[in-house]
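Report on the structure
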Amino acid sequence: MAKTKTSRQHDGLGNEWTTTSSGAVPMRHSVESIGPEEARVLLSKLMPHYRHADPKWVTRMANMMRRGQWRTTSETIKWDDEIGLIDGRRRLLAVIESGCTVEMSVLRGSFEPLKLGQD
């Protein structure tokens, strides 16, 4: 069985994550405040062949954000260090549409099995 190493890291901006490594590329998890500007930055690098974002679904989530009904869940924004956004496009588009800043779980690292696409 491979040895694993766990460590806590900080980025100086108030974000903190746990890194677990067993020789593979470590994954970094944080809960971040995502506003329209941060959403635009994340959306600026989409993986190729990203599926269409249903505008009705985006508006529904944006309305929830405006009403203060948005909740952080186990669903993460997935950011691949090499190719960019893997998962979370509709949520980020909803942040821009709503004009709100909301907390979201963000997972960063290498997502080899997921590079086929999410939302």
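Structural data are supplied above this passage.
Read on for a plain summary of the structure. (Residues numbered from 1 in each chain as written. Predicted model: local features only at pLDDT ≥ 70, side-chain atom pairs only at ≥ 80, totals over all residues. Heavy atoms only, no water.)

1. Comments concerning the pattern of salt bridges
This model, assessed by the stated rule, comprises five salt bridges. In this structure, Arg108 and Glu32 form a salt bridge, with 3.0 Å as the shortest nitrogen-oxygen distance. A residue pair is termed long-range when its members are at least 10 positions apart, and Arg108 in strand E6 (residues 102–109) and Glu32 in strand E3 (residues 27–34) qualify at 76 residues. Taking the relative accessible area as the measure of exposure, Arg108 reaches 21% and is therefore partly exposed. Given the relative accessible area of 11%, Glu32 is considered buried. The residue Lys78 makes a salt bridge to Asp87 at a minimum N-O spacing of 2.9 Å. The exposure class assigned to Lys78 is buried, which follows from its relative accessible area of 13%. By sharing partners, the salt bridges in this structure join Lys78, Asp87 and Arg91 into a single network. (Salt bridge = Lys/Arg side-chain N within 4 Å of Asp/Glu carboxyl O. Helix = DSSP H or I, 4+ residues; strand = E, 2+ residues; numbered from the N terminus. Buried < 20%, exposed > 50% of the residue type's maximum accessible area, 1.4 Å probe, protein only.)

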